[in-house]
Amino acid sequence: MTDINNANSRRSFLKNTIKATAGTVALAGFPTIVPASVFGKNAPSNKINIGQIGIGRIARTHDLVETFKYDTANIMAVADVDRTRLESGKQMIEGWYAKKTGKANYMDVKIYDDYKALLANKDIDAVIISTPDHWHAQPAIEAALAGKHIYCQKPTSLTIEEGRQMSDIVRKSGVVFQLGSQQRSLDPWPQFKRACELVRNGRIGKLHSVHVGLPSDPSGGNTAEMPVPANFNYDMWLGSTPYIYYTVDRVHSLSDPNSRGGWLRCEQFGAGMITGWGVHHIDIAHWGMNTELTGPIEIEATADFPTKGLWNVHGDYEAKMKYANGVNMFLSSKNPNGIKFEGSDGWIFVTRGNVGVTASDPTSGKVEKAFNASNPALLTSVIGPNETHLYSSHEQHGNWLDSIQTKKPNISPAEVAHRSCSACLLVHAAMKTEGKLYWDPKKEVFKDNVEANKLLSRPQRFPYGTNYVVNKKA
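Residues numbered from 1 in each chain as written. Predicted model: local features only at pLDDT ≥ 70, side-chain atom pairs only at ≥ 80, totals over all residues. Heavy atoms only, no water.

### Describing the overall build of the protein chain
- Of regular secondary structure, the protein chain possesses 15 helices and 15 strands.
- Out of the 474 residues in the protein chain, the part that is buried amounts to 56%.
- When contacts within the protein chain are restricted to residue pairs at least 6 apart in sequence, those whose partners lie at least 24 apart make up 73%. (Helix = DSSP H or I, 4+ residues; strand = E, 2+ residues; numbered from the N terminus. Buried < 20%, exposed > 50% of the residue type's maximum accessible area, 1.4 Å probe, protein only. Contact = heavy atoms within 4.5 Å.)

### Things to note about the nonpolar core
- I150, F177, V210, M329, L331 and F341 are the most contacted members of the largest nonpolar core, which has 112 residues in total.
- Per-element accounting of this core gives the leading share, eleven residues, to helix 13 (residues 414-431).
- Those residues in contact with M329 that sit more than four places away from it in its chain are V210, V212, I282, A285, H286, M289, A319, K320, M321 and Y323. (Core = buried A, V, L, I, M, F, W, Y, C linked by side-chain atoms within 4.5 Å.)

### As for the sheet that holds strand 2 (residues 73-79)
- Sheet architecture is open: six strands sit in the order 3-2-1-4-5-6, paired in parallel fashion. Edge positions in the open sheet fall to strand 3 (110-112) and strand 6 (177-179), since each of these has one partner strand only. Mean inter-strand twist for the sheet, computed between neighbouring axes without regard to direction, equals 25°.
- Strand direction decides the pairing type here: strand 2 and strand 3, joined by three bridges, are parallel. Looking across to strand 3, one finds that V78 is bridged to I111. (Pairing = 2+ DSSP bridges. Axes fitted to C-alpha atoms, helices over the stretch in contact; angles between N-to-C directions.)

### Side note on the environment of A430
- Here A430 is to be found in helix 13.
- With 130 residues separating them along the chain, A430 and E300 place their C-alpha atoms 5.4 Å apart.

### Examining the pairing of strand 4 (residues 126-129)
- Across the two faces of strand 4 the burial is the same, with A126 and I128 and V127 and I129 all buried.
- Here strand 1 (residues 48-53) runs beside strand 4; their pairing, made up of four bridges, is parallel. Paired with Q52 across the bridge in strand 4 is I128.
- Of the strand pairs in this sheet, strand 4 and strand 5 (residues 149-152) are connected by four bridges, and their pairing is parallel. Bridge assignment links V127 to a residue of strand 5, and that residue is I150.
- In the classification by handedness, the crossover that spans strand 4, the intervening helix 6 (residues 137-145) and the parallel strand 5 is right-handed. (Right-handed = clockwise from strand over helix to strand, strands pointing away.)

### A closer look at the sheet that holds strand 11 (residues 338-343)
- Within the open sheet, the nine strands sit side by side as 13-12-11-7-10-9-8-14-15. Their pairing is mixed. Each having just a single partner strand, strand 13 (371-373) and strand 15 (445-446) make up the two edges of the open sheet.
- Pairing geometry for strand 7 (residues 207-213) and strand 10 (residues 328-332), over five bridges, is parallel. Its bridge partner being in strand 10, H211 is matched across the sheet by F330.
- Most of the contacts of helix 8 (residues 190-200) go to strand 12 (residues 346-350), to which it runs at about 160°, and overall it touches strand 7, strand 11, strand 12 and strand 13.
- Packed on one face of the sheet, helix 11 (residues 278-289) meets strand 7, strand 9 (317-322), strand 10 and strand 11 and runs near 25° to strand 11.

### As for the environment of I274
- One can find I274 in helix 10 (residues 273-276).
- Given a relative accessible area of 0%, I274 falls into the buried group.
- For the pair formed by I274 and C421, sequence separation is 147 residues and the distance between their alpha carbons is 9.3 Å.
- In contact with I274, other than residues within four places in its own chain, are L214, V279, H314, Y317, L331, C424, V427, H428 and M431.

### Quick notes on the confidence of the model for the protein chain
- Of all residues in the protein chain, 88% have pLDDT values of 70 or greater, and the mean over the chain is 89.
- Below a pLDDT of 50 lies the segment residues 1-40, which in the model reaches 52 contacts outside its immediate sequence neighbourhood of four places, other chains included. (pLDDT = per-residue confidence, 0-100.)

### Details of the pattern of salt bridges
- The full count for this structure, using the stated rule, is 25 salt bridges.
- Note that K69 and E66 form a salt bridge whose closest N and O atoms lie 3.1 Å from each other.
- With a relative accessible area of 16%, E66 lands in the buried category.
- In this structure, E300 and K436 form a salt bridge, with 4.0 Å as the shortest nitrogen-oxygen distance. Note that E300 is positioned in strand 8 (residues 298-303) and K436 in the loop between helix 13 and strand 14 (437-440), a separation of 136 residues in sequence.
- Judged by its relative accessible area of 31%, E300 falls in the partly exposed class. (Salt bridge = Lys/Arg side-chain N within 4 Å of Asp/Glu carboxyl O.)

### Focus: the packing of aromatic side chains
- The full count for this structure, using the stated rule, is 16 aromatic pairs.
- Taking the centre distance of 5.2 Å and the plane angle of 40° together, the rings of F68 and W96 count as tilted. With F68 in the loop between helix 3 (57-67) and strand 2 and W96 in helix 4 (residues 83-101), this pair connects stretches of sequence that are 28 residues apart.
- Given the relative accessible area of 15%, F68 is considered buried. (Phe/Tyr/Trp six-rings, centres within 6.5 Å; stacked < 30°, edge-to-face > 60°.)

Rendered as structure tokens:
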């Protein structure tokens, strides 16, 4: 756990400024925080120092791209287990700053081959976690314990147990946690918030069902064992999951950091599209249903799973969840990609349309009607001042940064994030279980089903895993 290179920290900058400005004035009599007026909006005290954990596809094409737009963000460090990606990520960020400022050496990005060393850097205020799914909950927990604010890619966790641990520790720490459930924000999809407001205000009458469509993953993948690349810490990459031999289709492309990693299609590291995209759509369904802080009470599902090849996440599937408010949610790989709210007086359908996040999005290039209704006039209905107005966020990363500075609530906090993810994991459990499952959303256990309850957690390979962190803390 070493800091591979050194750069002037914000606090060192302030210390040097104090010394230079104070002159013969005793240091004890000088303010410890330099007023923002001395430097303006770009004062070091106004910046949020950010460490990027994971510098693969989603970091390069989305998280960093969006965060870099905000002057308050100071991306000063990167951690990754792939040395090649780490060094190219450093160059990429430094290149952005050089272009933006016109100064070739404006930023010297610190690089770490172990994110724990990044978290130990007291100059870092916040982290963005853009790692594979099995490496979300643990670094989020450790970041919270270190007092760092967190932007985390979805899904929040590999298991429901991990998600509960993460949400509880984030709540106790008081840091700002934001999930990358960017469909909630207005940029680039204002239609999702609009659809949920219309549903919550009764424009389609009494809501009785929600239909969710998600893509599915293909089978395949090369199973041949390969030598681990010298630049890659494969043991740490596997993390809490069981040790298994290396092959490139299980991990990520060695030549293209912007490609979709094979881990997305391996159950060892995630649940497939039911969590990969399901968190996005179920999060919006929960928003419209007003069930953001709870979960279903009944779940049943069927799914096709590959019988050969490396990739073994679910293929086509059908699922149904019932909530305590009487609303039924139907999920299917055969439904149009999006969310359809059905009520006693009509329906509203919402999706991303042809605006994707990355070029490799499953729906990229497909032109779909992003916002539709049984009666088109519903879509322009005015929400009155005394009706329900949902949280308005311009853009997900910017909302996170604003919340850090203003201490106001953000749009996708940890508990809401956990509930969206846990609903997806419940469907995955139902895919693996015969018959209907009965869930207690308060206790977060299945009722009278020992075998299903075994699916709420996974064994964790020491010294990795959330249990190791939580028990060490205790």
